[in-house]
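Notes for the structure review
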Amino acid sequence: MARASTTSDAFNAVAEPRRREILLYLAGAERPVGEIVAALGMEQPSVSKHLRVLRDVGLVRMRCQGRQKLYRTNADGIRPLHVWAGTFERYWQHQLNRVKDLAETMARKGATELQSTQTSPKEK
């Protein structure tokens, strides 16, 4: 089966790790291409290519300020990713609750055992 184009939708676009890095970096603030290049240690043509893909699928927006192009994340474009990932929140919350319950049970058991070893022979 042929793989979908990375420009077909947001999910395919973020499948590429460098694009996820760029999105994370842009999550903090609007930034010019040169700053993204410097911060992520990528070549400028590569950053521009990734930004183009992210822009084409609606994950980032670009505006011009003089000759400089500034990029920022697009919350509306990221929403489908967030909604999809949120479907797994219930699963992770259940797993975290299980870990918490187990840790609390072990802590109570450990406290009981510690208490029984500290009890003097007269009190037993």
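Whatever comes next refers back to the structure up there.
Figured I'd write up the structure that's included with this text. Source: prediction; values computed, not measured.

Assigned secondary structure in the chain consists of six helices and three strands. Secondary structure elements of the chain occur, N-terminal to C-terminal, as α-α-β-α-α-β-β-α-α. The 124 residues of the chain split such that 23% are buried. Counted over contacts in the chain with a minimum sequence separation of 6, partners at least 24 positions apart contribute 45%. Total accessible area on the chain is roughly 9,200 Å²; 55% of this is exposed by carbon and sulfur atoms.

In spatial order, the strands read E1-E3-E2; together these three strands make up an open sheet with antiparallel pairing. Each edge of the open sheet is held by one strand with a lone partner, namely strand E1 (31-32) and strand E2 (60-65). Pairing of E2 with strand E3 (residues 68-73) involves six bridges; the strand directions are antiparallel. The residue bridging Arg-63 from the neighbouring strand is Leu-70, located in E3.

Direction vectors running N to C along helix H2 (residues 17-28) and helix H3 (residues 33-40) enclose 115 degrees, while the axes themselves pass 11 Å from each other. What the angle tells us is that H2 and H3 run roughly perpendicular. Considering the relative orientation of H2 and H3, their crossing is right-handed. Residues Arg-18, Glu-21, Ile-22, Tyr-25 and Leu-26 of H2 touch H3, and the partners they reach there are Glu-35, Ile-36, Ala-39 and Leu-40. Tallied by class, the residues present in the contact of H2 with H3 amount to six nonpolar, no polar and three charged.

Parameters at a glance
Residues numbered from 1 in each chain as written. Predicted model: local features only at pLDDT ≥ 70, side-chain atom pairs only at ≥ 80, totals over all residues. Heavy atoms only, no water. Helix = DSSP H or I, 4+ residues; strand = E, 2+ residues; numbered from the N terminus. Buried < 20%, exposed > 50% of the residue type's maximum accessible area, 1.4 Å probe, protein only. Contact = heavy atoms within 4.5 Å. Areas by Shrake-Rupley, 256 points an atom, 1.4 Å probe, with all protein chains shown as cover. Pairing = 2+ DSSP bridges. Axes fitted to C-alpha atoms, helices over the stretch in contact; angles between N-to-C directions. Parallel < 35°, antiparallel > 145°, perpendicular 65-115°, else oblique. Left-handed = near helix turned anticlockwise from the far one by under 90°. Nonpolar A, V, L, I, M, F, W, Y, C, P; charged D, E, K, R; others polar.

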